[in-house]
Amino acid sequence: MTTDPKYAILFEPVKIGPVTAPNRFYQVPHCNGMAHARPKALAAMRGVKAEGGWGVVSTEEVEIHPSADIGPSIEGRLWSDDDIPYHAKTVEAIHAHGSLAAIQLAHNGMYAANLYSRLAPMGPSHQAVLSGASEPVQARAMDKDDIRALRRWYRDAARRAQIAGYDIVYMYSGHGLTTPMHFLSPTLNTRTDEYGGSVENRARLIGELITEIKEEVGQTCGVAFRFGVDELKGSEGITWDQEGRAVVEMFAELPDLWDVNIASWANDSQTARFSPNEGYQTDYTKEVKSLTTKPVVGVGRFTSPDAMVSKIRGGLLDMIGAARPSIADPFLPNKIRDNRIDEIRECIGCNICVSGDMLSAPIRCTQNPTMGEEWRRGWHPERIAKSDEPEPVLIVGAGPAGLEAALQLSNRGHSVTIAEATKDLGGRVLRESRLPGMASYIRVADYRLHYLLQRPEVEIYRDSELTADDIRDFGFDHVILATGSHWRRDGIGRAQRKAITGLDALHVMTPDDIMDGVSAKGRVIVYDLDHYYHATTIAEKLRTEGHDVAYVSDAAIVAPFTAMTLEQSRVQASLYSNGIDVHLNREIVGAGANGILTRCPYSGREEDIEADTLVLVTERQPNDALYLALKNDHAATGIKTLTCIGDAYAPSTVAAAIYAGHKAARLFPDFDSDPAEFIWERPSPD
Ligand code: ADP
Ligand code: SF4
């Protein structure tokens, strides 16, 4: 198919110093939990991005020296010549599809506790390291010899990157992570020499490093500058007015490309819950563009080609930067090129991808179950093997697991019948998408239903709650149960292994009740042992409906898992700004004289919290009654294969349900024989 002329501008080549990107789609650097530990998986993943049409495909941040070691985070490494061959593999995978390969060189300075290399951290000043685990370690102030050494390390790394075959070499000063950014900071840099004090002095290192990387490799490589122009911390950090604008003005024409964002990572990669719109950073890229003639890249969860074109035509950007949209749909550019816009698998802005990296696990994605499995399982986001023997399959449940299994089985050529108990399709994503800030989750169902509803060989029965006898009577040879889960009503959860008793006088509810529209009464306590988004979104919904709401949790911070999705501070602030009472480090004991009796697990101190309604957001139980009823005798009743997937098997994230549905469809009909089960990337035994 030919490209719609209105999108042709997106496919214009862009010159970046001595190299030329084939189009304006730019996969900016992003972490992935693979990097130096899983180089084969990394190369395969980057290769798929290039295959999908991203004109530039970048690495994650790459440590240039042992003193930049941010382990246990798994980032790239280019400490010495010995690391070059690993990078060459990634470059080869990117070049195989005609894209440019970019490397993001990073010296993490006072962000790096150097837990592996065990070197003393270094930064502009004597200060505690900034890394996340509060290591009792300080960075020492760099002297002039250290600065000279740092400049040499950047030159060495740039040369190694060039040998590995990279086309674009980054100098990275963003996300609060790197030494040049620490030098620019008005709070981290307290020096009194020519590298401290005025903005010009604090920016000196930035100018030196870009200049020297250009001297080293600029003949053959484009040199990009990734710059966090504002930390959104006011006078406590870098601001556009004080430092950002000044740096762009000082070095406007020095790099071959400006890759612009706001720091920290939590500000750059905002979730849809707190930043629902595309292009939320273009106020900054627009300013940068007005100050330089060099191409400007910016991000902002772009998935709509119309929005992309309008940003380019409006002079806000030259290249469409993307990390998450390229993760959710590595083939986004090709789909626009080929006029298949409605096939784009849109990012939902949940940051489950980030959680993989934060936990040092390979990247995963809610929308794209193949992400991170390109090498280990050989999964491709757009291709799935056709079956030699198409068969009819019954899928019970139209939540994410059932819908993904149905879509992929249909893609494999099987005919699929879906039975769903309710009149609406989508299961939990439909219900949860109605909670405050969660609207984007409906994209998980919409993407799959877009195909399923138009395929004649897919039959969908709504309002069809099946029993085990119904399933036996239907006579399907193959049955997939994706019946989901429900929230417990007894208070049992991770910190509390016994049911809470004595609550009869209270109105006890679960998230299911709230999502079903049951009304809460009076003052409400939302009790969070789940620690993800469910309790806080429900608390906010109840508050919006006019209830006095108290949030009670055993944890020391609100919704701790949301730290893994970069949302935690916004989630906690949002409860306060919504006027919700927050009670942390408190477990519920039972009924109190005046509501609910809670106890501090450390001091044992007890406290009553007034309440008429208690919403228990503790743990879920699988809806596995059908599975248990059919499991042992299914062969005798004529069902050849039976499997249970998603939350009905083990309640987890939406990402896990999509993954389970995808895996079942790939393995079908032999659900129990998984060729990749024991595959992992082993370190070399040498
Ligand atoms: P998952 O995340 O694993 O996909 P969900 O809870 O989102 O799980 O979806 C499960 C779906 O299964 C829900 O839409 C629910 O209504 C449906 N369901 C549960 N039990 C039955 C049943 N016996 N017959 C048909 N549909 C069912
Ligand atoms: Fe987008 Fe969520 Fe996928 Fe990340 S995990 S790319 S935020 S859909």
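Residues numbered from 1 in each chain as written. Chains lettered and ligands numbered in written order. Predicted model: local features only at pLDDT ≥ 70, side-chain atom pairs only at ≥ 80, totals over all residues. Heavy atoms only, no water.

## What to know about the domain arrangement of the protein
Thought 1: Here the domain parsing of the protein yields domain 1 (5–358), domain 2 (392–484 + 623–667) and domain 3 (490–621).
Thought 2: Each of domain 1 and domain 3 was reduced to a C-alpha centroid, and the two centroids are 39 Å apart.
Thought 3: Residue-level contacts link 14 residues of domain 1 with 14 residues of domain 3.
Thought 4: Taken together, both faces of the contact between domain 1 and domain 3 bury some 1,100 Å²; the carbon and sulfur share is 60%.
Thought 5: Among the residues of domain 1 in contact with domain 3, Arg273, Phe274 and Met358 are the three that bury the most area, contributing 51% of the side total.
Thought 6: Where domain 1 touches domain 3, the interface holds 1 salt bridge.
Thought 7: Here glutamate 540 and arginine 273 are joined by a salt bridge, their closest N and O atoms 3.9 Å apart.
Thought 8: Inspection of the region where domain 1 meets domain 3 yields 6 residue pairs in polar contact (both at pLDDT 80 or more).
Thought 9: Listed by contribution, the elements that provide at least two residues to the side of domain 1 that touches domain 3 are α8 (265–268) and α13 (352–358).
Thought 10: Looking at the side of domain 1 that touches domain 3, the element that brings in the most residues is α13, giving 4 residues. (Domains from an automatic or database assignment. Contact = heavy atoms within 4.5 Å. Buried area = accessible area lost by both parts, 1.4 Å probe. Salt bridge = Lys/Arg side-chain N within 4 Å of Asp/Glu carboxyl O. Polar contact = N/O pair within 3.5 Å; in protein donor to acceptor, adjacent residues only side chain to side chain. Helix = DSSP H or I, 4+ residues; strand = E, 2+ residues; numbered from the N terminus.)

## Re the pairing of strand β14 (residues 319–322)
Thought 1: Of the two faces of β14, the one lined by Met319 and Gly321 and the one lined by Ile320 and Ala322 are each fully buried.
Thought 2: Pairing between strand β3 (residues 25–27) and β14: 3 bridges, direction parallel. For tyrosine 26, the partnering residue across the bridge sits in β14 and is glycine 321.
Thought 3: Relative to β14, strand β13 (residues 296–298) runs parallel, the two sharing 2 bridges. (Buried < 20%, exposed > 50% of the residue type's maximum accessible area, 1.4 Å probe, protein only. Pairing = 2+ DSSP bridges.)

## Let's talk about helix α7 (residues 240–250)
Thought 1: Considered for burial, the residues of α7 that qualify are Trp240, Glu243, Gly244, Ala246, Val247 and Val248.
Thought 2: Looking at the packing, one finds that the buried side of α7 touches α4 (179–184), α5 (199–202), β11 (222–228), β12 (257–261) and α9 (282–289).

## Examining the pairing of strand β16 (residues 415–419)
Regular strands have side chains that alternate between both faces of the sheet.
Thought 1: Most of β16 is tucked away, with 4 of its 5 residues classed as buried.
Thought 2: Bridge count for strand β15 (residues 392–396) against β16 is 5 bridges, and the pairing is parallel. Looking at β16, one finds that proline 392 is bridged to serine 415.
Thought 3: What joins β15 to β16 is helix α14 (residues 400–411), and the crossover it makes is right-handed.
Thought 4: Pairing of β16 with strand β17 (residues 458–461), which is carried by 4 bridges, proceeds in the parallel orientation. Each residue of the ladder has a partner; that of valine 416, found in β17, is valine 458. (Right-handed = clockwise from strand over helix to strand, strands pointing away.)

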